[in-house]
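A closer look at the structure
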Amino acid sequence: SQGPDLVDKPLTYYGVLASGRSFGHSLLVVLPVLTVLVVAARRRGYGEHATALAVATLSHLLGDSYRLLLAGEWQSLQFLLWPVFPPIEYPSDGIPPWIRAFESVGDPRYSIQYVLAALALGIWLYDRFGRQRAKSET
């Protein structure tokens, strides 16, 4: 689900993009890329994986925009249509995004995100290894 940020944040930090919400957050980029990936993955037998990637990526965009939608801040949503609309440039304090991620550890505002990440990891580990062990025991 973090694909858009993994594209935009480092490129913004290194001065390639003007905003941390532009290229990787644009529906004009994301929808065609996801369409190609889903079609190609389905042809190769990875349809479920591609669908999960598409849902995760689109949920990221929804998570970045739902508050703006509810508040009626339409101008702030223009990142969804980059490059048709220019990105909003936010002042930078020069702190790299990976440092911000490490600084968020222990911050109670992010507790639910860490719980969800641990839950997702647990489900993945069970799915990956628990089912294999159950198959080998039968």
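Residues numbered from 1 in each chain as written. Predicted model: local features only at pLDDT ≥ 70, side-chain atom pairs only at ≥ 80, totals over all residues. Heavy atoms only, no water.

1. Overview of the confidence of the model for the protein
Our working definition: A residue's pLDDT is the confidence the predictor assigns to it, expressed on a 0 to 100 scale. Strands here are runs of E lasting at least two residues and helices are runs of H or I lasting at least four, both read from the DSSP assignment and numbered beginning at the N terminus.
Per-residue confidence for the protein gives a mean pLDDT of 89, with 94% of residues at or over 70. At the low end of the mean pLDDT range in the protein sits helix α4 (residues 97–103), at 79; at the high end sits helix α2 (residues 27–43), at 97.

2. Examining the pattern of salt bridges
To be explicit about the condition: By convention in these notes, a salt bridge is any Lys or Arg side-chain nitrogen within 4 Å of a carboxyl oxygen on Asp or Glu. Burial classes: relative accessible area under 20% of the type maximum marks a residue as buried, over 50% as exposed, and values in between as partly exposed (1.4 Å probe, protein chains only).
For the structure shown, the criterion picks out three salt bridges. Between K9 and D5 there is a salt bridge; the shortest N-O distance is 3.8 Å. In this pair, K9 and D5 are both assigned in helix α1 (residues 3–13), four residues apart and thus about one turn of the helix distant. On the basis of relative accessibility, which here comes to 29%, the residue K9 falls in the partly exposed class. Classification of D5 by relative accessible area gives buried; the value is 18%.

3. So, the layout of surface pockets
So the rule is basically this: A 1.4 Å probe that fits but cannot get out identifies a cavity on a 1 Å grid over protein atoms alone, an open set with protein on both sides within 12 Å along at least five of seven lines counts as a pocket, and a residue lines either if it has an atom within 4 Å of a point. Grid points are joined across faces, edges and corners, and a volume is the space filled by probe spheres set on the points. Classification convention: Asp, Glu, Lys, Arg as charged; Ala, Val, Leu, Ile, Met, Phe, Trp, Tyr, Cys, Pro as nonpolar; all other residues, Gly among them, as polar.
The volume enclosed by the second largest pocket comes to roughly 190 Å³. Taken together, G3, P4, V7, F23, G24, V29, V30, V33, L34, L37, L53 and T57 make up the full set of residues lining the second largest pocket. If one sorts the elements of the lining of the second largest pocket by residue count, α2 sits on top with five residues. Its residues assigned to classes, the lining of the second largest pocket shows nine nonpolar, three polar and no charged.

4. Some points on the packing of aromatic side chains
Worth spelling out the cut-off: Centres within 6.5 Å are what make two rings of Phe, Tyr or Trp a pair, Trp counting through its six-membered ring; a difference in plane orientation under 30 degrees is then read as stacked, over 60 as edge-to-face, and the rest as tilted.
Scanning all chains against the criterion turns up three aromatic pairs. Look at Y13 and Y14: their rings are 5.0 Å apart centre to centre, the planes differ by 80°, and that puts the pair in the edge-to-face class. On the basis of relative accessibility, which here comes to 35%, the residue Y13 falls in the partly exposed class. Taking 5.7 Å as the distance between ring centres and 85° as the angle between the ring planes, the aromatic pair formed by F23 and W82 counts as edge-to-face.

5. Describing the nonpolar core
Heads up, the rule is: Among buried residues, the Ala, Val, Leu, Ile, Met, Phe, Trp, Tyr and Cys ones that are joined through side-chain atoms within 4.5 Å form a nonpolar core. Note on definitions: a residue-residue contact is assigned when non-hydrogen atoms from the two residues lie within 4.5 Å.
In this structure, V30, L34, V38, A41, A50, A54, L61, L68, L77, F79 and L80 together form the largest nonpolar core, which totals eleven residues. Elements with a minimum of two residues in this core: α2 and α3 (47–71). Apart from residues lying up to four places away in sequence, L77 is in contact with S65, L68 and L69.

6. A few points about α3
Our working rule: Given the number of residues in a helix, its expected span is that number minus one, multiplied by 1.5 Å. The angle between axes fitted to the seven-residue stretch ending at a residue and the seven-residue stretch beginning at it gives the bend at that residue.
Along its 25 residues, α3 runs 36 Å from first to last C-alpha, staying within 8% of the 36 Å computed at 1.5 Å per residue. The sharpest bend along α3 comes to roughly 45°, located at S65. Buried within α3 are the following residues: G47, A50, A54, A56, T57, H60, L61, D64, S65 and L68. For α3, the secondary structure elements touched by its buried residues are α1 and α2.

7. Regarding the environment of L70
Tracing the backbone through its elements, the reader meets L70 in helix α3. C-alpha separation for the pair L70 and L58, spaced twelve residues apart in sequence, amounts to 17 Å.

8. Some details on the side chain of H25
What counts here: In protein, a polar contact requires one atom able to donate a hydrogen and another able to accept it; more generally it is a pair of N or O atoms within 3.5 Å, and residues adjacent in sequence count only if both atoms are side-chain atoms.
Mapped onto the elements of the fold, H25 is located in the loop between α1 and α2. Exposure remark for H25: the relative accessible area of 0% places this residue in the buried category. In this structure the side chain of H25 is engaged in a polar contact, spanning 3.1 Å, whose partner is the side chain of D5. Among the polar contacts listed, one links the side chain of H25 to the side chain of D64, at a separation of 3.0 Å. Excluding residues within four positions of it along the chain, H25 makes contact with P4, D5, D8, G20, V30, H60, L61, D64, F79 and L80.

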